[in-house]
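Chain by chain, the residues:
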Amino acid sequence: MEAFQQFARMNWRKTTVWGLKPSEVRMLVSLKLGKEREGKKGQTVSDISKFLKVTSPTVTQMVNSLIAQGYVVRSADAQDRRISEITLTEKGEHLAEMAVTKSRNTFKGMIDYMGKDKTDSLMEMLNEVYDYFEELNDQPTES
């Protein structure tokens, strides 16, 4: 428990980056990766929601904030006008690229610091911990 509490005290997820909330930066990155992964220029709120594992209203709130700051635009889907696509602007693309680079450098630094074998073991264990907590979340709670 102490190790988890140390990470919580670090506050590393709560700080702003480039004037944005970490969740907003993750959204920009998810749009960039979605574009690379699926070859689609834009993503729907539903696509983003599934990828980030957050609710659609949460995504909509972040999208509205990012639109106001000039990082993304919302446009109607060419085939179905009822669906909106969220697309990175040039400013959003630039920031997403900076975030991806920063993230890759951070993890490269961790691998250099810990060594590849320890890092591989850590990743494997963290994935198991994640699976464990997912299973706990899926279990019905007792009244």
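Quick caveat, the model's predicted, so the values are computed rather than measured.

1. Regarding helix 5 (residues 90-114)
Okay, step 1: With 25 residues, helix 5 extends 36 Å from end C-alpha to end C-alpha; this agrees with the ideal 36 Å at 1.5 Å per step.
Okay, step 2: Residues Gly-92, Leu-95, Ala-96, Ala-99 and Val-100 constitute the buried set of helix 5.
Okay, step 3: Backbone geometry just downstream of helix 5 places Gly-115 in the positive-phi region, at approximately 95°.

2. Topic: the confidence of the model for the chain
Caution is warranted with low-pLDDT regions, since their predicted coordinates should not be read in detail.
Okay, step 1: With 94% of its residues at a pLDDT of 70 or more, the chain has an overall mean of 87.
Okay, step 2: Model confidence for the chain, summarised as mean pLDDT per element, is weakest for helix 1 (residues 2-10) at 76 and strongest for helix 4 (residues 56-68) at 95.

3. What to know about the pattern of salt bridges
Between side chains of opposite charge, pairing is possible as soon as their charged atoms come close.
Okay, step 1: This structure, assessed with the given rule, holds 4 salt bridges.
Okay, step 2: For Lys-32, the salt bridge identified is with Glu-93, shortest N-O distance 3.2 Å. Here the residue Lys-32 occupies a position in helix 2 (residues 22-38), and Glu-93 occupies one in helix 5, the gap between them amounting to 61 residues.
Okay, step 3: Residue classification places Lys-32 among the buried positions, given a relative accessible area of 7%.
Okay, step 4: Between Asp-120 and Lys-116 there is a salt bridge; the shortest N-O distance is 2.8 Å. Taken as a pair, Asp-120 and Lys-116 lie in helix 6 (residues 116-138) at a separation of 4 residues, close to a single helical turn.
Okay, step 5: Judged by its relative accessible area of 37%, Asp-120 is partly exposed.
Okay, step 6: Lys-116 sits in the exposed class, given a relative accessible area of 55%.
Okay, step 7: Taken together, the shared-partner salt bridges connect Lys-32, Glu-93 and Glu-97 into one network.

Cut-offs and rules
Residues numbered from 1 in each chain as written. Predicted model: local features only at pLDDT ≥ 70, side-chain atom pairs only at ≥ 80, totals over all residues. Heavy atoms only, no water. Helix = DSSP H or I, 4+ residues; strand = E, 2+ residues; numbered from the N terminus. Expected span 1.5 Å × (residues − 1). Buried < 20%, exposed > 50% of the residue type's maximum accessible area, 1.4 Å probe, protein only. pLDDT = per-residue confidence, 0-100. Salt bridge = Lys/Arg side-chain N within 4 Å of Asp/Glu carboxyl O.

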